[in-house]
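Residue-level structure breakdown
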Amino acid sequence: MTRLTVSVQPRPYEAVIESGILTKAGNFLRELLADSSLASHQMFVVTVPRVRRRWAKVLIQSLTTAGFEPRLIDMPDGERYKRLATVEKLAEKLAQSGADRSSVILAFGGGVVGDVAGLLASLYMRGVNVVQIPTTVLAQVDASIGGKTGVNLRTGKNLLGTFHQPRAVLIDPVVLTTLPEREFRAGLYESIKCGVIGNPALFDFLANTDPKKLRRNPAKLEWVIAESVKLKAEVVSSDERESGLRRILNFGHTIGHALEAETAYRQFLHGEAVAWGMIAATDISVATDRIDQEAASRVRDAVLRLGPLPSVSVNRRSILNLLQTDKKTRNGKLHFVLPREIGRVEIASDVPDKLVLEAMDELKRVSKA
Ligand SMILES: NC(=O)c1ccc[n+]([C@@H]2O[C@H](COP(=O)([O-])OP(=O)(O)OC[C@H]3O[C@@H](n4cnc5c(N)ncnc54)[C@H](O)[C@@H]3O)[C@@H](O)[C@H]2O)c1
Ligand SMILES: [Zn+2]
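Residues numbered from 1 in each chain as written. Chains lettered and ligands numbered in written order. Predicted model: local features only at pLDDT ≥ 70, side-chain atom pairs only at ≥ 80, totals over all residues.

Examining the overall build of the protein chain
Within the protein chain one finds 14 helices and 11 strands. Relative to a compact globule of 369 residues, whose C-alpha radius of gyration would be 21 Å, the protein chain shows 20 Å and is just as compact. Projecting the C-alpha coordinates of the protein chain onto the three principal axes gives extents of approximately 60 × 40 × 35 Å. Sorting the 369 residues of the protein chain into buried and exposed places 47% on the buried side. Considering only contacts within the protein chain whose residues lie at least 6 apart along the sequence, 74% involve residues at least 24 apart. (Helix = DSSP H or I, 4+ residues; strand = E, 2+ residues; numbered from the N terminus. Rg over C-alpha atoms; globule rule 2.2 N^0.38 Å. Buried ≥ 20, exposed ≤ 12 C-beta atoms within 10 Å, placed from the backbone. Contact = placed C-beta atoms within 7 Å.)

In structure tokens:
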């Protein structure tokens, strides 16, 4: 078991990583909430059918045994339901069930559930407590930590949101056994990202790991998740609202986001787009003499070794245009997070278009190889 503290306002909270913690969630929450003024035992578990069918029984049993009266609230599955309309429907259900200001919302699912339930919690009666219980690799190593909530607008992803820190994050690697293999791998790219930006040992481990074997090795999996969460927790603790340091978490995301947008979020899972984005950023790093060839090859090999990625066949000019639109919406500066060595990155805002185009060509070349 690993307990990590995320030091943010209004209060720090713990992320607990432990195989089987789902069975102990009730007792953990009882202790956590004991010292607060929360008289109510009302708990609302927001989830999606796929997760409910496989794992809700374990969670509900644990909560009930600990004296809570949990209620399950379903939301439809998928990114397209990450909309304000879903938040409103869930809020109606809360109100109908008599939820009050002392109720606690448990976000039980992947990143979509975490973002929607987090936003719901920050809005319902001007804010109730939320506990994140992430069930995908992506949500466990990344989305559940840091307090960002949000939904999509037609115009773009995550354009509507808040910062609403959870009271705790409970991470049980056991639930990952039912996750489709592609989703499992996609989340691991975010762990590789953590390795490159600040944890060489994590990087080395992932660079030499077969994801199929990792799935069947709870101890190692727990370690990978814990090291990733540790890095995110440290970064978030020092820069809660993403003004400076937190931007390093965007390694691979500049081009990654553009790839996702250009393919209408259909071709790549988020982590897969980030995987290509990390390769592109590393190529740009080489081209600007920031990193040596040998370290760059290690990053590229680690990413490609994890498994097949959907190929890149987008128009490179469209990617550049998307980046430029992005730039306009972000005060005129386009930032790239570029590796200097494995474990250290820097932010660059002076990357010439030509290098971006060349990096895109290289992604297409690697895709075909
Ligand atoms: N708030 C943040 O800081 C942050 C950070 C990164 C990503 N995100 C958001 O996270 C979302 C992506 O999250 P995701 O990749 O977890 O996708 P997701 O939530 O859509 O989950 C992917 C699929 O896996 C299923 N699933 C979840 N847990 C399962 C399990 N244990 N077994 C079987 N199936 C399971 C889900 O039902 C879903 O169909 C995006 O909307 C992204 O914007 C948020
Ligand atoms: Zn990401």
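Right, picking up where we left off after that structure.
Some details on the site of ligand 1
Near ligand 1, the surroundings consist of 28 residues, among which G110, G111, V112, T136 and A143 are the closest. Looking at the shell around ligand 1, the elements with two or more residues in it are helix 2 (49–65), helix 4 (111–123) and helix 5 (137–143). For the shell around ligand 1, the residue count by class is 10 nonpolar, nine polar and nine charged. (Near = placed C-beta within 6 Å. Nonpolar A, V, L, I, M, F, W, Y, C, P; charged D, E, K, R; others polar.)

A look at the domain arrangement of the protein chain
Its domain assignment divides the protein chain into domain 1 (2–178) and domain 2 (190–368). Taking only C-alpha atoms, the centre of domain 1 and the centre of domain 2 are 27 Å apart. Taken together, the contacts link 19 residues of domain 1 with 19 residues of domain 2. Within the residue set of the side of domain 1 that touches domain 2, elements represented by two or more residues are strand 1 (2–6), strand 2 (13–17) and helix 5. Ranked by residue count, the leading element in the side of domain 1 that touches domain 2 is helix 5, at four residues. (Domains from an automatic or database assignment.)

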